[in-house]
Amino acid sequence: MQEWRRHMIGLAALVLLAAAPRALADAAADAPPPGAAADPSGDPAAVGDTDGAYTDRAGNPTFRIAPDGTVDWYTGVGYTQYTANCMQCHGPDGLGSTFAPSLVGALQVLDHAAFVDTVTNGKQNVSASQELVMPAFGRNPNVMCYLDAIYVYLRARADGAVERGPPQKVAPRPPGYSATVDACMG
Ligand code: HEC
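Residues numbered from 1 in each chain as written. Predicted model: local features only at pLDDT ≥ 70, side-chain atom pairs only at ≥ 80, totals over all residues. Heavy atoms only, no water.

In this section: the packing of aromatic side chains. Tallying each qualifying case throughout the model produces five aromatic pairs. An aromatic cluster is defined as three or more aromatic residues linked by ring pairs; in this entry it consists of W73, Y74 and Y177. (Phe/Tyr/Trp six-rings, centres within 6.5 Å; stacked < 30°, edge-to-face > 60°.)

Of the strand pairs in this sheet, strand β4 (residues 123-126) and strand β5 (residues 131-134) are connected by four bridges, and their pairing is antiparallel. For V126, the partnering residue across the bridge sits in β5 and is E131. (Pairing = 2+ DSSP bridges. Helix = DSSP H or I, 4+ residues; strand = E, 2+ residues; numbered from the N terminus.)

One finds Y82, F115, V119, I150, L154 and Y177 to be the most contacted residues of the largest nonpolar core, which totals 29 residues. Tallying contributions element by element places helix α7 (residues 147-158) first for this core, with nine residues. Apart from the residues lying within four places of it in its own chain, the contact partners of L154 are Y82, G94, L103, L107 and F115. (Core = buried A, V, L, I, M, F, W, Y, C linked by side-chain atoms within 4.5 Å. Buried < 20%, exposed > 50% of the residue type's maximum accessible area, 1.4 Å probe, protein only. Contact = heavy atoms within 4.5 Å.)

The next point concerns the coordination of the iron atom of the ligand. Put simply, the ideal angle at a metal is 109.5 degrees for four donors in tetrahedral geometry and 90 or 180 degrees for six donors in octahedral geometry. Distances from the iron atom of the ligand to its protein donors, namely H90 (NE2) and M134 (SD), fall within the range 2.0 to 2.1 Å. With six donor atoms in place around the iron atom of the ligand and angles of 89 to 179° between them, the coordination shape is octahedral. With H90 in helix α3 (residues 87-90) and M134 in strand β5, this residue pair connects regions lying 44 residues apart in the sequence. The exposure classification of H90 matches that of M134, with both residues buried. (Donors = N, O, S within 2.8 Å, 3.2 Å for Na, K, Ca; no water. Tetrahedral: all angles 85-135°; square planar, octahedral: opposite > 155°, others 65-115°.)

Turning to the site of the ligand, a few remarks are in order. In the vicinity of the ligand, 24 residues are found, and the nearest of them are C86, C89, H90, K123 and M134. Between a nitrogen atom of the ligand and a side-chain N or O atom of H90, the distance comes to 2.8 Å. In this structure, N125 approaches the ligand through a main-chain N or O atom, which is 3.2 Å from an oxygen atom. Looking at the shell around the ligand, the elements with two or more residues in it are α3, α4 (103-106), α5 (112-121), β4 and β5. Tallied by class, the residues present in the shell around the ligand amount to 17 nonpolar, six polar and one charged. (Near = heavy atom within 4 Å. Polar contact = N/O pair within 3.5 Å; in protein donor to acceptor, adjacent residues only side chain to side chain. Nonpolar A, V, L, I, M, F, W, Y, C, P; charged D, E, K, R; others polar.)

Let us now look at the side chain of R155. Along the polypeptide, R155 turns up in helix α7. Side-chain polar atoms of R155 contact the backbone oxygen of G42, separated by 3.1 Å. Here R155 is in contact with D39, S41, G42, D43, P44, D56, N60, P61, T62, F63 and L107, once residues within four sequence places are set aside.

In this section: the state of the cysteines. Tallied over the full model, the rule gives one disulfide. Each sulfur in the disulfide pair C145 and C184 lies 2.0 Å from the other. Handedness of the C145-C184 disulfide follows from its S-S torsion of about -90°: it is left-handed. Here C145 is found in the loop between α6 (141-144) and α7, whereas its partner C184 is found in helix α8 (residues 177-185), with 39 residues between them in sequence. (Disulfide = S-S within 2.5 Å.)

Here it is, written out as structure tokens:
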């Protein structure tokens, strides 16, 4: 083989090697493929159903996606309520912003109990170089009455089960949904 050709092949291999980890990192920055990252709340498979609100084997709220891509009602509500209450800081689709971290990333680390604790009681990280304040929503029914819905939406995003943007197909509203929300709102 001519010297210049060997050189070109070597260069091409180097470019490929350099590009591969980058492509993997880009993929990880958005939703990871299902099953890629361990869900800290455990297996998200839905085993329980209370009027369209699903729970996993450990009793945590979870999402349910039909084979045709239809998401459960609460995951759809979660998208709407996330967008209304959290997006201004945490960015569209849970992906983070300059103000607040990605919640798609956070839910690869936080389990359901830690999520509820943080949203209820808030969190602060204030130092000379930064001032990050997560408000406490514990007294805000507009958030607390939808907390499980917001959680299952973000859990589905973190698990790579739901794409960016509004879910295209959402299961019908469960018969008792309005009464449940009214009772919570008081
Ligand atoms: C006013 C801006 C703001 C709003 C609105 C807001 N957050 Fe936050 N949130 C933050 C900031 C800033 C942090 C990082 C705090 C820190 O690092 O101490 C944070 C942190 C969090 C964390 C912890 C992330 C981690 O890795 O530990 C969770 C969970 C969270 N927010 C959920 C929510 C949810 C759910 C909503 C909507 C109901 C919401 N936030 C609305 C600013 C906000």
